[in-house]
Amino acid sequence: MTPERAAYHRLMLLAGLQEEFEKELDFALETEDPITAPILDLAFCMSNLDQTVSVLYNYTLDYSVDEQQVYDMIMAELRRQYVGNHMTAGEVCEALSKIQRTCEFGDPWIDLYTYLYDYELLDEGMISQEVFEAGFESAFLHGERIDVWALQKERNQKKKKSLLDFFRKQK
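Bear in mind the structure is a predicted one, so any value in this text is a computation, not a measurement. (Residues numbered from 1 in each chain as written. Predicted model: local features only at pLDDT ≥ 70, side-chain atom pairs only at ≥ 80, totals over all residues. Heavy atoms only, no water.)

Novice: In this structure, what is going on with the nonpolar core? I would like to understand it.
Specialist: Inside soluble globular proteins, nonpolar side chains tend to come together where they are buried. The biggest cluster of nonpolar side chains holds 34 residues, and the ones touching the most others in it are Ile 74, Leu 78, Ile 99, Trp 109 and Phe 136. If you list the elements that add at least two residues to this core, you get α1 (3-14), α5 (67-83), α6 (89-102), α7 (112-123), α8 (129-142) and α9 (148-170). Look past the residues within four positions of Ile 74 in its chain and what remains in contact with it is Tyr 8, Leu 11, Met 12, Ile 99 and Trp 109. Counting residues in each nonpolar core, the second largest holds ten residues, with Ala 6, Leu 13, Leu 25 and Leu 56 among its members. (Core = buried A, V, L, I, M, F, W, Y, C linked by side-chain atoms within 4.5 Å. Buried < 20%, exposed > 50% of the residue type's maximum accessible area, 1.4 Å probe, protein only. Helix = DSSP H or I, 4+ residues; strand = E, 2+ residues; numbered from the N terminus. Contact = heavy atoms within 4.5 Å.)

Rendered as structure tokens:
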């Protein structure tokens with residue numbers, strides 16, 4: 001297991017996503033001969049999340065971890081989960097929020113705020129679910145940031161106009 005892979009699995013476990021880790025650990029236990037120390041340590045503590053996270057973290061301390069590579073792995077997996085309809089936009093943002101809380105402030109982790117800011121606007125009722133999802137998909141899948149405030153304003157104006165038109169037709 002590379003240090004980047006260990007850092008990736010630690011963050012994904014902290015976000016509540018363990019399926020890939022379990023598959024990878026099972027594969028390593030079946031194929032490694034001899035089984036390396038980190039894999040053996042992980043096998044013995046697999047049922048205890050805190051110990052597993054600790055083993056993964058301690059393993060990375062001996063190496064220089066490429067944070068961009070870890071970030072890219074996380075984003076690729078979350079995109080795969082989202083596109084495969086295994087996670088909603090809100091669930092992706094919840095996972096990103098948990099990951100963001102454990103990472104250093106700076107590149108590349110600062111980019112997570114793009115998704116979390118719009119999610120907070122949704123949570124506070126300032127933008128609609130429809131607007132949030134449009135902004136989320138644009139940024140998350142296409143790398144294009146749209147102004148959710150402007151989009152929400154445009155949607156609100158269309159609703160007002162259609163409501164006014166409805167009442168005018170009633171006369």
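Text resumes after the structure shown.
Novice: Can you walk me through the environment of Thr 2 in this structure?
Specialist: Following the sequence through the fold, Thr 2 ends up in the segment before α1. When its relative accessible area of 42% is taken as the criterion, Thr 2 is described as partly exposed. Separated by 58 residues in the primary sequence, Thr 2 and Thr 60 have C-alpha atoms spaced 8.7 Å apart.

Novice: Please clarify how the packing of α1 against helix α4 (residues 49-60) should be interpreted in this entry.
Specialist: Relative placement of two packed helices is described by the angle separating their axes and the distance separating the axes. At a closest axis distance of 9 Å, the pairing of α1 and α4 adopts a crossing angle of 150°. Here α1 is positioned roughly antiparallel relative to α4, judged by the angle of their axes. Read as a crossing pair, α1 and α4 show a hand that is left-handed. Residue-level contacts link Pro 3, Ala 6, Ala 7, His 9, Arg 10, Leu 13 and Leu 14 of α1 to Leu 49, Thr 52, Val 53, Leu 56, Tyr 57, Tyr 59 and Thr 60 of α4. Considered class by class, the residues forming the contact of α1 with α4 number ten nonpolar, three polar and one charged. (Axes fitted to C-alpha atoms, helices over the stretch in contact; angles between N-to-C directions. Parallel < 35°, antiparallel > 145°, perpendicular 65-115°, else oblique. Left-handed = near helix turned anticlockwise from the far one by under 90°. Nonpolar A, V, L, I, M, F, W, Y, C, P; charged D, E, K, R; others polar.)

Novice: I tried to follow the packing of aromatic side chains on my own but got confused; where do I start?
Specialist: Between two aromatic rings, the relevant description is the distance of the centres plus the angle of the planes. Under the counting rule described, the total for this entry stands at nine aromatic pairs. Note on Tyr 82 and Phe 136: the rings are 5.2 Å apart at their centroids and 70° apart in plane angle, and the pair reads as edge-to-face. With a gap of 54 residues between them, Tyr 82 in helix α5 and Phe 136 in helix α8 connect regions that are remote in the sequence. Neither residue differs from the other here; Tyr 82 and Phe 136 are each classed as buried. Between Tyr 115 and Phe 136, the aromatic rings sit 6.1 Å apart at their centres with planes inclined by 65°, giving edge-to-face as the arrangement. Of this pair, Tyr 115 sits in helix α7 while Phe 136 sits in helix α8; the two residues are 21 residues apart in sequence, bridging distant segments of the chain. (Phe/Tyr/Trp six-rings, centres within 6.5 Å; stacked < 30°, edge-to-face > 60°.)

Novice: Hey, could you run me through a negative patch on the surface in this one?
Specialist: A cluster of acidic residues, Glu 91, Glu 94, Glu 120, Asp 123 and Glu 124, forms a negative patch at the surface. For the negative patch, the secondary-structure elements that each account for two or more residues are α6 and α7. Within the fold, Glu 124 resides in the loop between α7 and α8. The exposure class assigned to Glu 124 is exposed, which follows from its relative accessible area of 55%. (Patch = residues over 30% accessible without salt bridge, like charges linked within 9 Å, V, L, I, M, F, W, Y side chains within 5 Å. Areas by Shrake-Rupley, 256 points an atom, 1.4 Å probe, with all protein chains shown as cover. Salt bridge = Lys/Arg side-chain N within 4 Å of Asp/Glu carboxyl O. Lys, Arg positive; Asp, Glu negative; His and termini not counted. Charge placed at Lys NZ, Arg CZ, Asp CG, Glu CD.)

Novice: Hey, could you run me through the side chain of Gln 81 in this one?
Specialist: By the element assignment, Gln 81 lies in helix α5. Judged by its relative accessible area of 16%, Gln 81 falls in the buried class.

Novice: Would you mind showing me how to read helix α2 (residues 19-31) here?
Specialist: A turn of α-helix holds 3.6 residues, and therefore any two residues three or four places apart point the same way. Relative to the 18 Å expected for 13 residues at 1.5 Å per residue, α2 spans 18 Å between its end C-alpha atoms, a close match to the ideal helical length. The secondary structure elements touched by the buried residues of α2 are α1, α3 (37-44) and α4. (Expected span 1.5 Å × (residues − 1).)

Novice: Even after reading the chapter, I still don't get the confidence of the model for the protein, so can you show me in this structure?
Specialist: Detail in the predicted coordinates should be disregarded across regions flagged by low pLDDT. Put simply, the protein has an average pLDDT of 88, and 92% of its residues get 70 or more. Predicted confidence in the protein is weakest over α9, with a mean pLDDT of 69, and strongest over α5, with 96. (pLDDT = per-residue confidence, 0-100.)

Novice: For this particular structure, what's the right way to read the pattern of salt bridges?
Specialist: Working definition: two side chains of opposite charge can pair if their charged atoms are close together. This model, assessed by the stated rule, comprises six salt bridges. Glu 20 is the partner of Arg 5 in a salt bridge, and the nearest nitrogen-oxygen pair spans 2.9 Å. With Arg 5 in helix α1 and Glu 20 in helix α2, this residue pair connects regions lying 15 residues apart in the sequence. Look at Arg 5 and you get buried, because its relative accessible area is 19%. We note a salt bridge from Glu 130 to Arg 155, for which the minimum N-O separation is 3.0 Å. Of this pair, Glu 130 sits in helix α8 while Arg 155 is found in helix α9, placing the two residues 25 residues apart along the sequence. Accessibility expressed as a relative area gives 24% for Arg 155, which makes it partly exposed. Each of Arg 5, Glu 20 and Glu 24 takes part in a single network of salt bridges with overlapping partners.

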